[in-house]
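Chain residues, written in single-letter form:
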2 protein chains.
Amino acid sequence: MIDFNYYAPTEVVFGKESEEQVASLVRKYGGSKVLVHYGGGSARRSGLLDKILGLLEKDGIEYVTLGGVVPNPRLSKVHEGIELCRMEKVDFILAVGGGSVIDSAKAIGYGVFYNGEVWDIYMGRYTPVECLPIATVLTIPAAGSEMSESSVITNEDGDIKVGYSNDISRPKFAIMNPERTFTLPDFQTSAGVTDMIMHIMERYFSHDDDMTLTDAVAESIMCTMMDCIYEVLKDPENYRYRAQIMWGGSLAHNGLTGCGLTGDWATHQLGHELSGLFDATHGAALAAVWPSWARYVYKNNVSRFVRFAVNVLGVTNDYSDPEGTALRGIEAMEDFYSSIGMPINIEELIGREITDDEIKEMVRKCSRGDTVPQGKFKVLKADDIEAIYRMAR
Amino acid sequence: MIDFNYYAPTEVVFGKESEEQVASLVRKYGGSKVLVHYGGGSARRSGLLDKILGLLEKDGIEYVTLGGVVPNPRLSKVHEGIELCRMEKVDFILAVGGGSVIDSAKAIGYGVFYNGEVWDIYMGRYTPVECLPIATVLTIPAAGSEMSESSVITNEDGDIKVGYSNDISRPKFAIMNPERTFTLPDFQTSAGVTDMIMHIMERYFSHDDDMTLTDAVAESIMCTMMDCIYEVLKDPENYRYRAQIMWGGSLAHNGLTGCGLTGDWATHQLGHELSGLFDATHGAALAAVWPSWARYVYKNNVSRFVRFAVNVLGVTNDYSDPEGTALRGIEAMEDFYSSIGMPINIEELIGREITDDEIKEMVRKCSRGDTVPQGKFKVLKADDIEAIYRMAR
């Protein structure tokens, strides 16, 4: 078992009307001039944004706003935010939205204190030591960014999507009202749950398989998410099941499900290239490549895939045929993705066949010209990455 | 489902040689003059205390020491600690030990900032707004105090044992090295695991039974603890299983297993009276009263006890007889307690029959003269408390 650090200091305020506490929470964590960061029009249309601004005003907290964050959040918006924060002497960022808005907020938070180009941080050329305090009013449960140390930004110049993790960006508080997720379209709901489960799977598929407590907790969350998604797709305004999913997304990615495990994370980078090139929804891109990744790597630790098949997907264990059990687990996961409307290959994701040139471009980016391997469960070089994309085409 | 707050900011540093980081962690969280608080001789005998003091010295961090904390930590020691901290201008408390030492540290931390009698806080007469920063090097996994907001102190003047909870006392960091628990005697190991599981059960037995994610996580931790205790009793120096138990104790009580649930907590107060009067080990006192509590209250929510019986204890569900299934679950829990050397009634706990007068004294204290009811699953007045003690005698 590997040593680990667990640090998830975010104060979660969960429930109906939890937004009412926004102003007192901003004050509690030292905010006096706030950047309210948000995405498209839905935060405005739903009335949530006006409610938040009204509550800040009522409490005498100054703010500026910056909307227009898009899925796969862009570096140009981050630049805009950094400039605005400096000009307006902002000391706190409140992200109202989902993972894209929170990730954009984190990048702005780093950038404000760095005189160089913020993209350096995502390219590993500079390690930030300060970040503006971040907090969030969550409306899209998926990325888990509301409690995590990670953020993913897309540089439009080259369509490169890269993540960076640092504890200094963990949000101070996260306001979560499941009612705010009632209007999420089915596709977004399913893609979100796919992303949550994948955050757990990226940690679960590990060679360090002696932390049984982490495994048991991880499996309990995955199974609950898989149960709840069907209930939510049938009845989108079911508070009870929306709540499980909303909280599950945070637990999936706050570090809890990785304690004592190395983790893999290759599927995320494989999916990021698809999102970068085709602007594909993150969760859907993960579903499109995971089955191929799994079939390519499972022999590196068959027993791990057997455990997943049996404990998470309810596959009957054929003790005389571990490989068969492992493969039936991968099939069952494909069936799950299909049943909630997720693609299980690239053609289903982008609506046409992918070209050889496109695959080559993704391989080049994903391996950074074969200089950076991906994954730990099986270390993937450029050739491996190409093979997986071809299996997934 | 009830609304909830989740806040567990403690930085956990888990693994072999994690103690090596103690000085840098104290500095990170602002400590410059430390009270190193500890219990009996074991921290000294094992060499851990000297190691910690050496590391602080090497880093130029000043300290004073205060040992002698006993199980069911005493108010008099808390007074001593407060005086020492004020005299020495201590700005940080490092608890080296288990729950008793950490709880004593928390009480000292509150008391330093309060000019009145610190017992007022535990009696609900004063709410502290400040606490010295607390941190811990954990050696006895049980109480979960290393990540929790709670502490329990015994006032020798009247043998009254009372808990108090406040987020301001949550430890800044917790250093956990499972090797430090290798020498724990079997009885302490079993009592610790009993306490951990009870921290989950106190939350689990709730009328708010629609937070299935919390239930699933809670069950996964309880089942893992029940598996691991047998391995540890067979092989006390098994790092893998000691590690599950050590981390399980933190997860049991950091708030995770109570999200969305009201919780009960009557068994804890019933047990506290036994510890207060007979100086009984906390975990053992809980085992001695829980079965009687369970049989007295289970009819208030039979399905909850059925779920516990089936999902945690592996009892076969007799769908035609929910009450029978519930009762078989309580029996199975008794069997578990017995199998790890825990008492299942008061006579087994204290080694003799309890007298009527002793029961009356405990009832009076537990109900504060029938002015304070205990529990939420079933609200217990003085008569109920007496009935449970009599069932448990």
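**Side note on the overall build of chain A**
For step 1, the next point in the chain: Per the secondary structure count, chain A includes 16 helices and eight strands.
For step 2, the next point in the chain: For a compact globule of 393 residues, the expected C-alpha radius of gyration is about 21 Å, and chain A comes in at 20 Å, within 12% of that figure.
For step 3, the next point in the chain: By principal-axis analysis of the C-alpha atoms, chain A measures approximately 70 × 45 × 45 Å.
For step 4, the next point in the chain: Across the 393 residues of chain A, 57% fall into the buried class.

**Observations regarding the relation of the copies chain B and chain A**
For step 1, the next point in the chain: Its rotation angle being 180°, the transformation that places chain B on chain A also includes 0.0 Å of axial translation and leaves an RMSD of 0.0 Å. In short, the pair behaves as if placed about a two-fold rotation axis. Every residue of chain B has its C-alpha some distance from the rotation axis, and the shortest such distance is that of P9(B), at 1.8 Å.
For step 2, the next point in the chain: Looking at chain B, 100% of its interface residues are interface residues in chain A too, so the copies touch through the same face.

**A closer look at the sheet that holds strand 1 (residues 4-14) of chain B**
For step 1, the next point in the chain: As summarised here, the arrangement of the 12 strands in space is 3(A)-2(A)-4(A)-5(A)-8(A)-1(A)-1(B)-8(B)-5(B)-4(B)-2(B)-3(B), forming an open sheet in which the pairing is mixed. What marks the edges here is a single partner per strand, and that holds for strand 3 (62-66) of chain A together with strand 3 (62-66) of chain B. Each adjacent strand pair in this sheet contributes to an overall mean axis angle of 25°, direction not counted.
For step 2, the next point in the chain: Pairing analysis gives five bridges linking strand 2 (residues 33-38) of chain B to strand 4 (residues 92-97) of chain B, with the strands arranged parallel. Note on strand 4 of chain B: the bridge partner recorded for H37(B) is A95(B).
For step 3, the next point in the chain: Its contacts with the sheet place helix 3 (residues 48-58) of chain B against strand 2, strand 3, strand 4 and strand 5 (134-138) of chain B, and it is angled at close to 175° to strand 2 of chain B.

**Topic: the packing of helix 10 (residues 266-278) of chain B against helix 11 (residues 282-297) of chain B**
Residues and elements named next belong to chain B.
For step 1, the next point in the chain: The contact between helix 10 and helix 11 brings their axes to 8 Å, and the two run at 125°. It follows that helix 10 is oblique to helix 11 by the angle criterion. The two elements helix 10 and helix 11 cross, and the hand of that crossing is right-handed. In this structure, helix 10 uses A266, T267, H268, L270, G271, L274 and S275 to contact helix 11, whose residues at the interface are H282, A285, L286, A288, V289, W290 and W293.
For step 2, the next point in the chain: When the residues that make up the contact of helix 10 with helix 11 are grouped by side-chain class, the tally is nine nonpolar, five polar and no charged.

**Overview of the domain arrangement of chain A**
Residues and elements named next belong to chain A.
For step 1, the next point in the chain: Parsing chain A into structural domains produces domain 1 (11-180) and domain 2 (186-392).
For step 2, the next point in the chain: Domain 1 and domain 2 are separated by 26 Å when their C-alpha centres are compared.
For step 3, the next point in the chain: Listed per partner, the contact involves 20 residues of domain 1 and 25 residues of domain 2.
For step 4, the next point in the chain: Listing elements by their share of the side of domain 1 that touches domain 2, those giving two or more residues are strand 1 (4-14), strand 6 (150-155) and strand 7 (160-165).
For step 5, the next point in the chain: The residue makeup of the side of domain 1 that touches domain 2, split by class, is 12 nonpolar, four polar and four charged.

**Some points on the interface of chain B and chain A**
For step 1, the next point in the chain: The interface is formed by 31 residues belonging to chain B together with 31 residues belonging to chain A.
For step 2, the next point in the chain: Elements supplying a minimum of two residues to the side of chain B that touches chain A: strand 1, helix 8 (212-234) and helix 9 (239-253) of chain B.
For step 3, the next point in the chain: A total of 10 residues in the side of chain B that touches chain A trace back to one element, the largest contributor, which is strand 1 of chain B.
For step 4, the next point in the chain: Here the side of chain B that touches chain A is built from residues that sort into 17 nonpolar, eight polar and six charged.
For step 5, the next point in the chain: Looking at chain direction, strand 1 of chain A and strand 1 of chain B are connected through seven bridges and run antiparallel. Across the sheet, the residue bridging to F14(A) is F4(B), located in strand 1 of chain B.

**Re the packing of helix 7 (residues 186-204) of chain A against helix 9 (residues 239-253) of chain A**
All names here are of chain A.
For step 1, the next point in the chain: It is at 8 Å that the axes of helix 7 and helix 9 come closest, and there the two elements cross at 30°. With respect to helix 9, the axis of helix 7 lies roughly parallel. For the element pair helix 7 and helix 9, the recorded crossing hand is left-handed. Between helix 7 and helix 9, the residues in contact are G192, V193, M196, H199 and I200 and I245, G248, G249, A252 and H253, respectively.
For step 2, the next point in the chain: For the contact of helix 7 with helix 9, a count of residues per class yields five nonpolar, five polar and no charged.

**Details of helix 9 of chain B**
Three- or four-residue spacings in an α-helix give side chains the same orientation, since the helix completes a turn every 3.6 residues.
All names here are of chain B.
For step 1, the next point in the chain: Taking 1.5 Å of rise per residue, the 15 residues of helix 9 would be expected to cover 21 Å, and the 22 Å separating its terminal C-alpha atoms lies within 8% of that figure.
For step 2, the next point in the chain: Among the 15 residues that make up helix 9, 13 are buried, leaving the element largely enclosed by the rest of the structure.
For step 3, the next point in the chain: Directly after helix 9, the chain includes G255, whose backbone phi takes a positive value near 115°.

**Things to note about helix 7 of chain A**
For step 1, the next point in the chain: Taking 1.5 Å of rise per residue, 19 residues should cover 27 Å, and helix 7 of chain A covers 27 Å from first to last C-alpha, within 8% of that figure.
For step 2, the next point in the chain: Counting buried residues in helix 7 of chain A gives 16 out of 19 residues, a clear majority hidden from the surface.

**Describing the pairing of strand 7 of chain A**
Residue and element names in this part refer to chain A.
For step 1, the next point in the chain: With six bridges connecting them, strand 6 and strand 7 associate as antiparallel partners. Of the residues in strand 7, the one forming a bridge with S151 is Y164.
For step 2, the next point in the chain: Hairpin geometry of strand 6 and strand 7 is characterised by an intervening segment of four residues between the two adjacent antiparallel strands and by a positive phi of about 115° at G158.

**Side note on unusual backbone geometry**
All names here are of chain B.
For step 1, the next point in the chain: In this structure, D279 is a non-glycine residue whose phi angle is positive, near 50°.
For step 2, the next point in the chain: When you line up the elements, D279 lands in the loop between helix 10 and helix 11.
For step 3, the next point in the chain: A residue is classified by how many C-beta atoms lie within 10 Å of it, and D279, with 15 of them, is partly exposed.
For step 4, the next point in the chain: Even without glycine at this site, R368 takes up a positive phi of about 45°.

**Here's the deal with the pairing of strand 5 of chain B**
Residue and element names in this part refer to chain B.
For step 1, the next point in the chain: Of all five residues that make up strand 5, five are buried, and the element is covered over most of its length.
For step 2, the next point in the chain: Side chains of strand 5 alternate between two faces, with I134, T136 and L138 and A135 and V137 buried alike.
For step 3, the next point in the chain: In this structure, strand 4 lies alongside strand 5, joined through five bridges in parallel fashion. By the bridge assignment for strand 5, I93 is matched with I134.
For step 4, the next point in the chain: Where strand 5 lies against strand 8 (residues 173-176), three bridges are found, and the strand directions are parallel. The partner of V137 across the bridge, within strand 8, is I175.

**Section: the environment of R390(A)**
Residues and elements named next belong to chain A.
For step 1, the next point in the chain: As for its placement among the helices and strands, R390 is situated in helix 16 (residues 382-392).
For step 2, the next point in the chain: For R390, a count of 14 C-beta atoms within 10 Å gives the class partly exposed.
For step 3, the next point in the chain: R390 sits 34 residues away from D356 along the chain, and the two C-alpha atoms are 8.8 Å apart.

**A closer look at the environment of G144(A)**
Residue and element names in this part refer to chain A.
For step 1, the next point in the chain: Within the secondary structure layout, G144 lies in the loop between strand 5 (134-138) and strand 6.
For step 2, the next point in the chain: Owing to 24 C-beta atoms within 10 Å, G144 belongs among the buried residues under this scheme.
For step 3, the next point in the chain: For the pair formed by G144 and A95, sequence separation is 49 residues and the distance between their alpha carbons is 13 Å.
For step 4, the next point in the chain: Setting aside anything within four residues of it in sequence, one finds G144 in contact with M196, H199, G249, S250, A252, H253 and N254.

Calculation notes
Residues numbered from 1 in each chain as written. Chains lettered and ligands numbered in written order. Predicted model: local features only at pLDDT ≥ 70, side-chain atom pairs only at ≥ 80, totals over all residues. Helix = DSSP H or I, 4+ residues; strand = E, 2+ residues; numbered from the N terminus. Rg over C-alpha atoms; globule rule 2.2 N^0.38 Å. Buried ≥ 20, exposed ≤ 12 C-beta atoms within 10 Å, placed from the backbone. Least-squares fit on C-alpha atoms with pLDDT ≥ 70 in both. Contact = placed C-beta atoms within 7 Å. Pairing = 2+ DSSP bridges. Axes fitted to C-alpha atoms, helices over the stretch in contact; angles between N-to-C directions. Parallel < 35°, antiparallel > 145°, perpendicular 65-115°, else oblique. Left-handed = near helix turned anticlockwise from the far one by under 90°. Nonpolar A, V, L, I, M, F, W, Y, C, P; charged D, E, K, R; others polar. Domains from an automatic or database assignment. Expected span 1.5 Å × (residues − 1).

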